[in-house]
Amino acid sequence: MNLNIYQSRNEMGIAAGKAVEDKIITLLKEKDYLRIIFAAAPSQSEVLHYLASCKSIPWERIIAFHMDEYIGLSKESPALFSNFLSRHLFDQVPFKEVHLLDGEADPKAEVARYSDLLNEAPIDIVCLGIGENGHIAFNDPSVADFQDPQTVKEVVLETPCRQQQVNDGCFAQLSEVPETALSLTIPTLINADHLICVVPGAAKRAAVYQTLFGEISTQCPGTILRKSEHCSLYLDQDSDPFPILEADKISNLIGMDVISNRPVLVHSKENTRVQLPSNFAVDQYVGEGLVDIQINGIKGVDFNTTLTEPEAILEATKYLLSKGVTTFYPTIVTNSFEAILELVGTINKACDKYPIVKACVAGIHLEGPFISCEPGAKGAHPEAFTRKPSVAFLDQVQEISIKPIALITLAPELEGSEEFIRTCKARGIKVSIGHSLATGDQIQMAKEAGVSLATHLGNGVPLNLQRHPNIIWELMSQDGITASLIADGFHLPPSFLKVAFRAKGDECLLVSDATCFAGMEPGEYESPIGGKVVLEESGRLSMKGANGLLAGAGKDLLENINYLLESKLLPLSEAWRKASILPLKYMLGEKAVNKDWVVFTIEENEVLIKKVYKDGQEVVV
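Scoring rules and cut-offs
- Residues numbered from 1 in each chain as written.
- Predicted model: local features only at pLDDT ≥ 70, side-chain atom pairs only at ≥ 80, totals over all residues.
- Heavy atoms only, no water.
- Buried < 20%, exposed > 50% of the residue type's maximum accessible area, 1.4 Å probe, protein only.
- Helix = DSSP H or I, 4+ residues; strand = E, 2+ residues; numbered from the N terminus.
- Pairing = 2+ DSSP bridges.
- Salt bridge = Lys/Arg side-chain N within 4 Å of Asp/Glu carboxyl O.
- Core = buried A, V, L, I, M, F, W, Y, C linked by side-chain atoms within 4.5 Å.
- Contact = heavy atoms within 4.5 Å.
- Axes fitted to C-alpha atoms, helices over the stretch in contact; angles between N-to-C directions.
- Parallel < 35°, antiparallel > 145°, perpendicular 65-115°, else oblique.
- Left-handed = near helix turned anticlockwise from the far one by under 90°.
- Nonpolar A, V, L, I, M, F, W, Y, C, P; charged D, E, K, R; others polar.
- Arc of directions from axis to C-beta.
- Disulfide = S-S within 2.5 Å.
- Polar contact = N/O pair within 3.5 Å; in protein donor to acceptor, adjacent residues only side chain to side chain.

(A) Just the pairing of strand β28 (residues 597-603), in detail. Buried residues dominate β28, accounting for five of its seven residues. In the sheet, strand β14 (residues 285-288) pairs with β28 via four bridges, with the strands oriented antiparallel. Pairing of Glu-288 across the sheet is with Trp-597, part of β28. Here seven bridges tie β28 to strand β29 (residues 606-614), and the two strands are oriented antiparallel to one another. Along β29, the bridge assignment pairs Glu-603 with Glu-606.

(B) The pattern of salt bridges, seen in detail. One pass over the structure, following the stated rule, counts 22 salt bridges. Among the salt bridges present, the one from Glu-418 reaches Arg-422, with a minimum N-O distance of 3.2 Å. Of this pair, Glu-418 and Arg-422 are both found in helix α13 (residues 417-426), four residues apart, which corresponds to roughly one turn of the helix. Residue classification places Glu-418 among the partly exposed positions, given a relative accessible area of 36%. Between Glu-507 and Lys-504 there is a salt bridge; the shortest N-O distance is 3.8 Å. Several salt bridges converge on common partners, so that one network encompasses Asp-506, Glu-574, Arg-577 and Lys-578.

(C) Structural detail: the environment of Ala-503. Of note, Ala-503 is situated in helix α16 (residues 494-504). In this structure the C-alpha to C-alpha distance between Ala-503 and Gln-478, which are 25 residues apart in sequence, comes to 9.9 Å.

(D) Region of the structure containing the nonpolar core. The biggest cluster of nonpolar side chains holds 85 residues, and the ones touching the most others in it are Leu-485, Leu-497, Ile-561, Leu-564, Trp-576 and Val-607. Here this core gets eight residues from one element, more than from any other, and that element is helix α10 (residues 337-353). If sequence neighbours within four positions are ignored, Trp-576 has contacts with Val-258, Ile-259, Gly-287, Glu-288, Leu-290, Leu-558, Ile-561, Ile-581, Val-598, Phe-600 and Val-607. One finds Ile-130, Ile-136, Leu-182 and Leu-276 within the second-largest nonpolar core, a separate group that totals 48 residues.

(E) Region of interest: the packing of helix α1 (residues 9-27) against helix α2 (residues 45-52). Their axes nearest at 8 Å, the elements α1 and α2 cross at an angle of 50 degrees. Our classification of the angle between α1 and α2 gives oblique. Seen along the crossing, α1 lies across α2 with a hand that is right-handed. On α2, the residues that touch Arg-9, Asn-10, Gly-13, Ile-14, Ala-16, Gly-17, Lys-18, Val-20 and Glu-21 of α1 are Glu-46, Val-47, Tyr-50 and Leu-51. In the contact of α1 with α2, the residues fall into six nonpolar, three polar and four charged.

(F) Structural context of α13. Of the positions making up α13, those classed as buried are Ser-417, Phe-420, Ile-421, Thr-423 and Cys-424. Angular distribution of buried residues about the axis of α13 spans 160 degrees; they occupy a single face of the element. Projecting away from the buried face of α13 at angles above 90 degrees are the exposed residues Glu-419, Lys-425 and Ala-426. Structurally, α13 contributes buried residues whose contacts are with α12 (391-400), β20 (405-410), β21 (430-433) and α14 (440-449). A positive phi of about 80 degrees marks Gly-428, the residue just after α13.

(G) Up close: the state of the cysteines. Following the criterion strictly, the structure yields zero disulfides and no others. The thiol of Cys-351 is not disulfide-bonded; the next cysteine sulfur, from Cys-360, is found 9.5 Å away.

(H) A look at the sheet that holds strand β19 (residues 364-367). If you trace the eight strands from one edge of the open sheet to the other, you get β15-β18-β19-β20-β21-β22-β23-β24, paired in parallel fashion. The sheet terminates laterally at β15 (290-295) and β24 (508-510), the two strands that pair on one side only.

(I) Inspection of the side chain of His-66 at higher detail. Assignment of secondary structure puts His-66 in strand β3 (residues 62-66). Among the polar contacts listed, one links the side chain of His-66 to the backbone nitrogen of Leu-101, at a separation of 2.8 Å. With near-sequence residues (within four places) excluded, His-66 lies in contact with Ile-37, Phe-38, Phe-81, Ser-82, Leu-85, His-99, Leu-100, Leu-101, Tyr-114 and Leu-184.

Here you go:
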């Protein structure tokens with residue numbers, strides 16, 4: 001939902017009318033005609049006046065409907081909504097067609113007739129309001145149904161709704177207001193492509209407050225509008241609910257949306273957001289939780305040693321949450337089959353024992369053992385355990401893992417790779433090329449078989465490569481293969497990151513490749529992979545005595561974002577997107593929604609986490 005607040009009712013009406021005008025003109029560039037539903041109420045008068053006087057709208061290409069009507073009033077009654085709309089708009093401009101609800105007809109027959117008309121084609125725009133009791137059209141709380149199977153229905157009006165008609169001056173007294181009406185249902189209205197909702201006046205402030213801040217419920221039907229990304233809500237100063245919010249001191253996630261750079265109100269429990277006016281004062285950022293699809297350990301906890309206990313994985317999860325990482329894929333690197341199965345078993349135990357671990361671990365990433373054994377390509381992975389792809393082992397590890405084997409990194413030049421990749425794709429497992437010396441033809445084969453990612457592109461290759469062609473160029477050029485990048489300042493130079501960001505665009509995401517040494521004090525450590533390693537104060541992690549060869553990463557995903565900000569390689573919005581939205585969509589599909597939220601500030605190009613919400617609940621960080 002997009003919220004707009006104006007100083008006066010007239011300003012609000014003009015702005016909303018202009019929004020309808022602009023939307024009509026834009027849509028008519030692609031469609032022969034539009035179907036629009038109009039609300040009839042004094043609250044809509046300013047919008048209707050603007051539209052009636054608008055000369056740029058080709059009304060002869062508009063089919064009009066209205067959203068409710070009283071039952072039993074005579075056709076001459078000025079209180080009829082059809083007559084109200086005719087006076088204010090329908091008789092003022094030359095519509096292609098106008099379809100009116102008939103309140104004098106048999107209700108069942110009229111419901112059927114009008115439903116048929118509405119269902120002939122999708123509705124493009126709905127111009128609506130919200131009642132004093134939160135109703136939409138005549139869907140009062142007692143009859144509102146967010147999953148209503150009907151298009152139009154007969155309803156009994158609640159007393160507050162009828163009293164509003166008296167308050168609005170439509171009737172002299174309550175006894176004159178009909179008790180039944182015809183109303184378009186809530187799904188009919190909110191499933192339209194675009195919603196323009198206009199709600200002025202102090203009498204509506206409480207309903208607007210509930211609409212924006214209350215639980216999404218039929219107790220206030222207007223709350224369902226928060227579920228619509230295509231709804232714009234227009235208020236005047238009198239209906240502005242924020243003074244109530246300030247007085248009640250209700251805790252809400254209000255901040256600058258890190259992606260859109262617009263102030264937003266986020267409801268973490270239901271995962272909805274309301275875009276606030278651009279001049280709304282905020283002092284913090286709000287963004288979707290970070291998603292790390294390649295992480296080997298953190299803060300002394302190693303996902304790749306059988307000595308690790310489930311309690312340690314809990315501590316790792318808590319640490320990652322404190323760094324804004326709300327979803328991660330523990331990454332198990334090249335090892336014996338027996339050890340890999342044991343490591344998966346430890347993750348299983350942690351997920352079984354600790355709900356927060358189960359919530360944050362989305363799946364497992366197997367980075368090996370089906371990788372190249374060649375120097376340079378294998379990196380710090382132990383050569384003794386590299387091997388050809390094995391569907392039999394995949395069966396074995398899938399059978400014991402309570403979390404999905406979600407991603408496998410392999411070298412497609414190995415014998416049996418094509419069959420293995422196709423098997424993975426058929427099972428819904430993502431496959432990535434990494435630690436490989438594959439040729440262009442082998443990469444093309446792998447892509448056609450189902451490969452869709454390049455693991456830490458630019459790393460896991462020999463220091464010296466043929467100028468061209470080489471595996472980096474081949475992977476960079478492939479549309480449909482997303483690149484994961486380690487942007488810690490050590491794995492890749494700024495020039496490579498710039499080129500990769502430009503070449504791959506949205507087919508590019510960030511990973512940490514963090515080891516258990518990330519988050520620890522500088523010093524020398526013993527690693528089960530690579531032997532002795534050195535963690536420098538800068539965060540650089542290398543194998544001791546190996547001429548500076550990196551031994552994985554010493555920085556977490558948040559520190560990758562900080563590096564990109566400090567080096568000015570990406571703006572905040574794009575860096576955060578590549579570490580949150582894009583990895584989740586890569587792993588779970590374009591329709592995947594990140595339901596976790598992070599609140600943070602920025603000081604000297606460093607993101608400082610303030611609050612983290614996992615599955616709608618704040619977690620202590």
